Structures are given as C-alpha cells and as structure tokens.
Amino acid sequence: MKNMLNILARRSFQASRMRNLIAVLAIMLTSILFTTVTTIGIGATESVTLTMQMLKGSRSDGDFHNMTAKQYKALEDADFIRAYGLRMPIGFLTNTSYHNIEFDVLDSVQADLTFCMPVHGSIPKAENEIVTSDTALRDLGVEPEVGATVSIAFTAHGQNYQLDMVVSGWFEATSEQLSMMWAGTAFRDAHPDIFEYTYDQDRDMAGTYYSDFIATSTVGLQENLDHWIWQMGGDPDATNSDNLSATINTITNPTLKPTTLLLGAVIIVLFILCGYLLIYNVFDIAVMQEIRRYGLYRTVGMSKRQVKKLINQQALWLSCIAIPLGLLIGYFIGKITLPYMVNMLSSSYENVAIHVNPSPVIFVGASVLTAFTILLSTKKPIRVAANIPPIEAFRYVEAATSKKTIKKSTMGTSLLGLAWSNLGRNKRRSAFIIASLALCIVLLNSVGIAADSVDIEKQVSYSIRTDFVVVNAVSKNIMKGFTRREHGLGQKVIEAINTQPGVNNASAIYKNTLDDSYITYNFPVEFTYTGTDENTGIGYAVTEGGIVFNLGDDGHPICNVYGMEEIALARMDIQEGETDAHKLYRQMENGEGVLLGVASDMGTSILNPAFDLLEVGDIISVFKDGEAIMELPVLAKAALNGDDEEIRYTTHGPFEVGKDGLFLYLPTSIYTQIYDEPAIYKYSFDVEEKQQETIHAFLENYITNVDPRLSYASAKEARQDAMTTRTMLQFVGGLIGIIFGAAGVLNLVNTIITTILARRHEFATMQSIGMTTKQLTRMMIWESVYYAVGACMVGLILSVILAFTIVKTLTGGIWFFTFHFTLVPAIIVCILLLMVAAILPVIALKIFNKGSMVEKLRVTE
Amino acid sequence: MMDIVTIQHLKKFFKDGPQIVKALDGIDLSIEKGKFTVIVGASGSGKTTLLNMIAGLYQPTEGNVIVDGVDLSQMKEEQLTVFRRRKIGFVFQGYNLIPELTIKENIIFPLALDDTRPDTAYFSNLVHLLGLCHYLDAYPYMLSGGAQQCAAIARALITKPSIVLADEPTGSFDIKTTQNVAGLLKMTAATFHQTLVVITHNLDLAQLADRIVRLQDGKIV
Ligand SMILES: Nc1ncnc2c1ncn2[C@@H]1O[C@H](COP(=O)(O)OP(=O)(O)OP(=O)(O)O)[C@@H](O)[C@H]1O
Ligand SMILES: [Mg+2]
C-alpha cells in the first residue's frame, strides 16, 4: 500500500487549484528569467563568435603551419586532436581584377572548418574541379554556376601556370576582398610538380602542409601543441615561425574575463533572489494554510519524512508543469530580444550573423538554475510543515477565532490600525513581499538611469567627424584594415560624389601603407628592443614604455602618415601648440612642420600620456630610400579619435602599418610631395540636411552596382548605433524589471488571497458584529496599500543610494555614458504599484469572499 | 492484572503569555489492560492534556508516562510517531477524516503509512460492526456526522492498537447517535481486547465505563 501517499499527494494536489496556479506562475516566472537570460547570453556570444570566426575564416580550435608531409602524417597519431583538415597552399591567382583569390588544395574537413564548403553544387572530385565564391567567379568573368569553366593563372616554384577548371560548387562570399578557391586532392596528385617541397630552401609555400584542427579537449591545449612540436623537431618558443608552428584560435577559445564572469554571477544571484522571494512565499503560505492538516497527518501516524515526501512530490509535479512552460516562453522572449542585443554589438562588428538554436545548454542550464532555486526556497517551508506537531490537529478551535482582533475592533480601533496589525502577523512574509517589489523598483530605475546616461552625441562625435566617410571595405573589417596601396579609393568615386547635390566640406584623405615602407621617419625617441614579427616578417622597435613602431626598409619607423585638405584638418581636436587650424595649415604647407596626433582616452580630449612621446618643437626627419629629405618640427598636437585613425572604432589598418605611432598629419601638398604613389584611404564630407537621404541612397546604389569594394560610414548610422545601445538597455532592463515586477505583484496577490481565505471566518465574525462589506474591503485595501507604500519607500531610497554608488561607478567606467540622475522610472513604477495594490483586494474579495455570512461562519466547524 | 498505562507525578504547565497554566498538576494514575476508563471534568480541567500525554503528543513538565512498559519521554520524535501509529488509536472530537481520501482509504491510511496491508478478515469485521459497508468508496463529505465518526473509529482501530484514546467522540451528536457510537466503541474494544480511554461529558457513556476518573484543576479528585 505504498502508493497511498501518492494517492494522497495526487488528490490534494488536484484539490488545491488556486495554490497550484500561483505556484506554477511563480516557478514559471523564475524559469522564464533564467531561460531568457541564458538564451540572450549564449545567443549573443555564439553570434559574435561565429561572426568573428567568419571574419577570421576559421572555426577550428587552432591550426598548424608549415608542416612537411611527414609531420602532417604524424597528426594522425596525435590523440589530442579529434579532427583535422588538410590545406596545401599554392598561392594567389594572378588573373584577378579586384578580388583576391587564394588557390589551395583542401580536403572537406578543412573546407568545412574554414567556411569554404559549397552551398550550391558539390565538393571537387575530379582533378580539374574547383569550389569558390560567387564574387571570385564574377571577378574571373564567370557567372556562378555549377559546371561553368573558369580560367585561372598562378605562379608556383617560379613557374607560371594557366589552367581551365570546372566549377563543381560555389558559395556566397563572406568577404568582399578575399575568397578561397580550392581543388581536391585529385588536383595535387595530377600536379606533383606544383607540390614539390622546397620550403627549406626557397621559402615557397607550395608543397607545405597546413591544417586546421578540432581538439579533443581545449584544456591544456597549448601544452599539448608545444609538446607535439618538440616531438616533431620544431621549437614552439621560436619567435621566427618560418618553420613548423601551431596557434590556438583565440576566437573559438577566448579567455574568459573575470569581469564578465562576475557580471554573470551577479545576474544569476539576483534572479535566484527574485525566484526565492516568490517561491518561498508561495510555499510558506500554502503550508501555513494547511497547518491543521499536517497536524492531522502526524496524529494518524505519518512520519516527518513522509510529510516531506508528500510536499516534495507536489513541488515536483508543479515544477514539471511550470519549468517546461517557462523554458518555452523564456526561449521565445530571448529569441525575440536577441537581435536587439546583437544590434548593439554590430556597431563594432559588421553583419553579425544572428545565431540562436534551441541549444540544450540553454534549457539544461535554465532548468538546473530553476530547480536549484525551487529546492532552495521550498526547503524551509517543507521543514516547517514536517515539524508541525501532531497537536496542531486539535488546536483548531482556538486558532480559528482570533479573539484579540475582534476585541480590538469592538473597542473601536480604526480600520487602518487593524490593517496595520495584520501586516505584523507574519513579519518575514511582509518583508519578502516588500523586498521583491522594491527590487523591481530599484532595478527599473537603475536601468532607466543607465539608459538616460547613454551619451549619444559623445558617441557620434567620437566615432565620426563628418556626415559621411567613404572607404574601402577593408577599413571596416576589424580583422584587416587599410594596409595596401591597392586599397586606395579611385578618382572615379570621388568625382561621382562631388557631382551629388548638397555635398560640402569634402576632403580626400591620404594615408601611407605597407607598400610605402621606403619612406621612414626619425625622431628623438629611444628604442630598447627590436625584432621581426613572426607572421608578417616586418621589423619592429619597442620603447621602454612598450610602445611599438613598425620599421621601414632603412630601419627607421614607417609611422602612420596622413595627408588632407585644410577643411579636414580643421575638424581635428588640436590640443597643444598652434591651435589655430588655419594658421597651422599655412605653416605646414610652407614645410614648417607637422601636426602630431596622440591617442586619447575614449570620449575625452586628454592625450594618453603613454603615447605622448614628443614635445611641440621636437624635430622629425623624413627619409626616402634611406636619405634624409626633409625636417618637420612638431607644430601642434591633436587628440585622436577612431575617425582620425581609420573609421568609426576600427583602427586595424594603422596598427598593421605603423603599429602604435607616430600619427602624423600633413597638408595634401606636402604629403604628395613625400610619397610617390599617394593612396587615398578615405573621402569624408558633409551633406546638407535635405540631401542626406539622397546621398545614402546614392552610396548604397554605387556600392552595389558600381564598386562593391567600397563601404561607407555615416553620422546617421553612428547615431542609430548609439540609440540602439539605449533602446537595448531599456528593452532588456525593462523586460527583466517587468518579470521582477510580475513576481512582486504575484506575491502580493497570493498574500491577499491567502489573507481572505484564511480569515473568512474572522471576516464573517466581524461582519456579524457590524462591519460592512465596504469597511471590510477598505481594510483589505489598506493592508495591500501598506505593502505597496513600504515597497515604494524602500525602493525609492535604495534607488537613490544605488544610483549614486553602483550605477554611477558603472556608467563612469564606460566612456559613452555621462551619468544623468533620474527618479522618473521609479516614480512611475511606484504609482503603478499603488494602483495595482488598491485594485487587487477589491477583485480578490469579489471572487473569494462569496457566500452568506452563515456559510462563512460554518467554515471552521 | 497488568497496567498498560502508568502515570507518575505527572505535571504539565503551559505558558500563556506571562502566565503559567498548570494544565496537569501532579497526576498519578494506572490504567488496567482491557478496561474501559472514562475521564470527566469541567472545561479546562486538563482532560485533553492528559489524553495527549498518554499519546505522547506532549513532553511532560515533570513526571513520567509509561505505556506498555516504555517511558515515553525516553523516545525520539520518529520513534514516537511509529509508537503512535502502532500502539495507539486516536478518535477525536470532530471526525478529522482526510477529505481527499475515500472512507476505505481513510481507514487503512495508518497501515499504508507503515507499508502494511490490512488483515482482510479484521477489516471486514470492523467495517461491518461499524456499519460502514456501503460507504467504503464514498468521500467523507458525503456521509453523516455519525457515519464519519464511525469511520474515524475504524481508522483508530485498524492497526489493532493496544490503547484507544477518544476525546469527546460524541461531542456534537444527538442522543441516539451518541448511544450508538458509545456502544460501538465499547463493543469493538471488548471484541478486540483493547484498552479504552474516553473523555466525555455524556453521562450515558460514562455509565458504561469500568472506571471513572474525575479531573479538577489538573488533579484527580
Ligand atoms: N497548547 C496549550 N498552550 C497553552 N495552554 C494550553 C494548551 N493546551 C491546553 N492549555 C490550557 O490548559 C488548560 C487545560 O486544557 P485542556 O484542553 O486539557 O482542558 P479540557 O479539560 O480538555 O477542557 P475542555 O473540556 O474545554 O476540552 C486550559 O486552561 C487550557 O487553556
Ligand atoms: Mg478538551
């Protein structure tokens, strides 16, 4: 007869509909909170990771470079590798016009790991088959089509090859600049001459083996890689990686920042707290209502363990209904919210691939957290229930008629006083309700302050100085940047822009590239160390403070050098020296000196002392092919923003070319005098208000139809990005605030219903001694409003305290916030709360206090 | 004859705010096995408290309660629960059936908690005697007060307890029902050789007793 306990559990479960409903809502809210946040968190992380992987061109755990055939073969026995691909580089095609196409031999594992799998058609099988992107095919003069024939040309081992290949499959290009074209191993077998290994003699990559891999475990991966390279006769510590080397893909395997972990932990604790306040109250109330029953169970011979089992069983059933519901709702809320989240991130990453799958991690994680919260919050109520002494079963007669209360009311105590004394009946519960409501107020207000503090103009002016900036798309790719002369803008686009109506303040801006390493600069800064970059082969020098300079052909720094019109220079933020832009430009045009740019802290005009290496008056010598051609004293210093370096927030190009500096700004005339083949890296201009839309449309059209290598940024886009930050904060914060608010209100509803049910008899007694229904309702309203007033007071005070401590510190730490205090969100929530608190008891009494007075008096008999 | 209950110098005080209520104030009492004892006394004289002490629901302030040779104060909570389940049948004022369970389920509930099945012959005998045959699948609310009390008696007896304790089992009944229930209690107790201790104000019931214990202000008089 073991199942008797089950029968009892099931039937009392079925009998307590109201309790079940409230408990299900409570658990559901908790699991919605967890699911929404895990969905958004995991989705955003995965989306950004995937986007970064696509930009990098690999989703592997890492890759091996420069292997010999033997070393590649040995990968088979490396047990720390679960899967690995094959890449045999050949080289770039030589018969392309604007797109860079790398031609390699890949296997399908490698193709899959590096986003090169054909979306249309199939992988190459025959020796003359290839797969590449649509953009690559169009550049080669072929429409993307399976079966099309495409001519390719390349050089390997000093010999030119010209081949006709057949397209076996193709995919949509992920990059506007570079695509992979690949053939299968059949191609290698048919052309052994191309793949002859001569790397040790002439550094020709054709014939070497590369491999992207997936590790069996990423724990201790670096050690495993180092060990393997030692075994293979390589040196993992070698700075010059001409030979065998391996690198971990830091995008797939990012190092977790402690601040991120801390923030996650704080959010989880906050949610557990919210769930705890709610679920605890539901169960606490449910147990309190059934004291007599548990006493009866105990008298009849139920043990404490059996009581616990009985309640646990019901809690389990409630969870089984509520958690899946919560997971589902939370998942959809998360999925809908995610694009907003990702949108905010897209100000730094172009074209984020939004990616959210119903990942088991989300559901398992949220379920575990919810289950943990339930266990935590039901522990005490269940213990209380089990500890109810059997004697409670007999005490009912005294308990039901609260003599004291009646006496007080007959003595004429006010309704207010009566309501107040009711609050004191269960201090812990009152505290919990007030806490959960106050939490909602504080949270919403803090988010409101944060959203209000988003300084949109600061963000716009920091990231762009004109209405429009047109660049080569490489500039917007944070993995690449403007580094080569070929990235420069042609005159064609500039002329096209100039013919547009409303364009003014335009200036072409020139910049040096890695191809201009014959021009170098010497200046009074001491270097303590020089070396050669293992990946690029470019020499560099480091100052004592760790500032790095790339070195040109003659061993002097290349620097980042810009040439521009006066109108562009005047937009810069000149801080020291000749601050009159007009005078400065004149002096510079006369060859009297140069404007030195110094990196500033984001959103400020304060020159970052770490990069502030020269004084006004210091002399910079210009060298051409190793010969001094000019002397340029520093005339002034300007605080730089992203727009001065490259575009918006991206500064990858200058970093590749000059590394940390110097940043030199010259008039166009002087710049073109120094550099033989000056390249224009961007064209920046303002547009009359009325014509803004026209120019947007013009640029979109131009990029799509005339020159797909171009891209642009606009002040409008910058403003939208900044607005998105604010909207996103409001949206996500508001969402969480609303869930917290719902939790608080549910708590309040639960308490009011319980009070009414538990005191039906008492109410009847009061009514029998002359209290009208109206008075009764008013008493309940007072009671409910007391909670709300308590919550509002606590919430408002905490909101103010939190605003000037945590919120101020947090927003102060991020450059695009300007702390702006407000209590409006809190006040709005308070008003809403007071209204809800006043209406709830009226509805609840209507529903639950039905039936005649006589019936109610009989309830306990 | 053997004493199944021995009470020595028993005191039980309650705190009621600042006051101390001496519910039981020095009780010495022995109850013989198989006998029918009635406890009478004015309201507040300590009757219920005494009965609860025998059931082990309260710890004594002073003195001992020995039931079936075991001192209750020496037992732990869970031991007491099992002791109650197996040795004591409880019938209390108001019928206190579990509303979600049928009459049959209510009756066998104490056994089910112990993971044992009822002795079918005993069960049908009991049900027959108490006139519950037709109500076994009904829920408590469908029954009259008298029938519900009969079910409560059946539940108290199903474990074949050595002692049956009843606190005003006929409290709210009319005369006829009272007589029936009282008669039934005595009869079943006699049939199954049980010791019966009953609190009552009802003189008819008291007259059936082997012995009457009279309480006043927590003392036997
Ligand atoms: N749990 C308790 N806490 C405080 N006082 C108690 C408690 N139980 C009983 N009392 C007090 O002890 C005294 C004896 O109570 P008891 O219930 O034993 O009397 P009774 O004889 O059963 O009365 P009645 O005939 O009214 O049922 C009373 O004054 C009662 O108020
Ligand atoms: Mg009593």
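Here goes a summary of the coordinates provided. (Residues numbered from 1 in each chain as written. Chains lettered and ligands numbered in written order. Predicted model: local features only at pLDDT ≥ 70, side-chain atom pairs only at ≥ 80, totals over all residues. Heavy atoms only, no water.)

Another point: the packing of aromatic side chains. Residues and elements named next belong to chain A. If you walk through the whole model with that rule in mind, you get 33 aromatic pairs over all chains. Here the aromatic rings of Phe 64 and Phe 213 are separated by 5.0 Å at their centres, their planes lie at 40°, and the arrangement is tilted. With a gap of 149 residues between them, Phe 64 in strand β1 (residues 62–67) and Phe 213 in strand β10 (residues 209–215) connect regions that are remote in the sequence. Take Phe 64 and Phe 213: they sit in the same class, and that class is buried. Residues Tyr 294 and Tyr 297 carry aromatic rings whose centres are separated by 6.0 Å and whose planes lie at 75° to one another, so their mutual orientation is edge-to-face. On the criterion of helical spacing, the pair formed by Tyr 294 and Tyr 297 is a turn pair, its members being three residues apart in helix α10 (residues 291–300). Take Tyr 294: its relative accessible area is 7%, and that puts it in the buried class. A residue is classified by how much of its surface remains accessible, and Tyr 297, at 1% relative accessible area, is buried. In textbook terms, an aromatic cluster arises when at least three aromatic residues are bridged by ring pairs, as seen for Phe 103, Phe 154, Tyr 161, Phe 187 and Phe 195. (Phe/Tyr/Trp six-rings, centres within 6.5 Å; stacked < 30°, edge-to-face > 60°. Helix = DSSP H or I, 4+ residues; strand = E, 2+ residues; numbered from the N terminus. Buried < 20%, exposed > 50% of the residue type's maximum accessible area, 1.4 Å probe, protein only.)

The next thing to look at is the interface of chain B and chain A. On the chain A side, the residues contacting the 30 residues of chain B number 27 residues. Between chain B and chain A, the buried area comes to about 2,500 Å², and carbon and sulfur atoms account for 63% of it. Inspection of the region where chain B meets chain A yields two salt bridges. Measuring nitrogen to oxygen at the nearest pair gives 2.5 Å for the salt bridge that ties Arg 11 of chain A to Glu 105 of chain B. For the pair chain B and chain A, the number of links is seven residue pairs in polar contact (both at pLDDT 80 or more). Of all the elements in the fold, those that place two or more residues in the side of chain B that touches chain A are α2 (77–87) and α3 (103–113) of chain B. Ranked by residue count, the leading element in the side of chain B that touches chain A is α3 of chain B, at six residues. Grouping the constituent residues of the side of chain B that touches chain A by class yields 14 nonpolar, seven polar and nine charged. (Contact = heavy atoms within 4.5 Å. Buried area = accessible area lost by both parts, 1.4 Å probe. Salt bridge = Lys/Arg side-chain N within 4 Å of Asp/Glu carboxyl O. Polar contact = N/O pair within 3.5 Å; in protein donor to acceptor, adjacent residues only side chain to side chain. Nonpolar A, V, L, I, M, F, W, Y, C, P; charged D, E, K, R; others polar.)

Taken as a class, soluble globular proteins show a tendency for nonpolar side chains to be buried jointly. Met 302 of chain A together with Ile 7, Leu 50, Ile 107, Phe 109 and Leu 165 of chain B are the most contacted members of the largest nonpolar core, which totals 95 residues. Top element by residues in this core is helix α5 (residues 145–157) of chain B. It accounts for eight residues. Counting 62 residues, the second largest nonpolar core, distinct from the first, contains Ala 315, Leu 318, Ile 739 and Val 785 of chain A. (Core = buried A, V, L, I, M, F, W, Y, C linked by side-chain atoms within 4.5 Å.)

Pairing between side chains becomes possible if they bear opposite charge and their charged atoms approach one another. Residues and elements named next belong to chain A. By the definition in use, this model includes 27 salt bridges over all chains. When the shortest N-O distance is used, the salt bridge between Glu 102 and Arg 87 registers 3.0 Å. With Glu 102 in strand β4 (residues 100–106) and Arg 87 in strand β3 (residues 87–92), this pair connects stretches of sequence that are 15 residues apart. Each member of the pair, Glu 102 together with Arg 87, is buried. Each of Arg 87, Glu 102 and Asp 104 takes part in one network of salt bridges that share partners.

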